[in-house]
Amino acid sequence: MEGQVLTNAIGTAAALFSISSFVFQIQKIMATKDASAVSLKTYAFTVTCFVLWVIYGVRLGAWPITGANAAALVLCSTVLALKWRYRDNHPAPAD
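This one's a predicted model, so the numbers in the text were calculated from it and none came from an experiment.

Participant: Break down the environment of Val47 for me, with residues and values.
Facilitator: Within the element layout of this structure, Val47 appears in helix α2 (residues 40-60). C-alpha separation for the pair Val47 and Cys76, spaced 29 residues apart in sequence, amounts to 6.2 Å. Those residues in contact with Val47, other than ones at most four positions away along the chain, are Leu73, Cys76, Ser77 and Leu80.

Participant: Lay out the packing of α2 against helix α3 (residues 63-85) with the relevant residues and their values.
Facilitator: Helix-helix packing is described using two parameters, namely the angle between the two axes and the distance between the axes. One can describe the packing of α2 onto α3 by two numbers: an axis separation of 8 Å at closest approach and a directional angle of 155 degrees. When the interaxial angle is binned, α2 and α3 end up roughly antiparallel. The interaxial crossing formed by α2 with α3 has left-handed handedness. In this structure, α2 uses Leu40, Tyr43, Ala44, Thr46, Val47, Phe50, Val51, Trp53, Val54, Tyr56, Gly57 and Val58 to contact α3, whose residues at the interface are Trp63, Ile65, Thr66, Asn69, Ala70, Ala72, Leu73, Cys76, Ser77, Val79, Leu80 and Lys83. Among the residues making up the contact of α2 with α3, the classes are represented as 18 nonpolar, 5 polar and 1 charged.

Reading the values: the criteria
Residues numbered from 1 in each chain as written. Predicted model: local features only at pLDDT ≥ 70, side-chain atom pairs only at ≥ 80, totals over all residues. Heavy atoms only, no water. Helix = DSSP H or I, 4+ residues; strand = E, 2+ residues; numbered from the N terminus. Contact = heavy atoms within 4.5 Å. Axes fitted to C-alpha atoms, helices over the stretch in contact; angles between N-to-C directions. Parallel < 35°, antiparallel > 145°, perpendicular 65-115°, else oblique. Left-handed = near helix turned anticlockwise from the far one by under 90°. Nonpolar A, V, L, I, M, F, W, Y, C, P; charged D, E, K, R; others polar.

Next up, the structure:
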């Protein structure tokens, strides 16, 4: 039991760090309204990876995998959307 608790704690910490890592990028983009340093290809690839992880988790019925990767997918997609919104260092016009 003790080994499983440690393993779950490590998994939870990994998920929280993975998810929260995108928050800092989102905060920086929102504060500066500049996403020129964000790699479009990297984030597009990362969003695709998280989509696949979510599908994998659902198919396995592994809800910790699904939940953690779905949360990361939302935040990573937010970075990608902000990259589009602030492309060329200019906010998109409001419609």
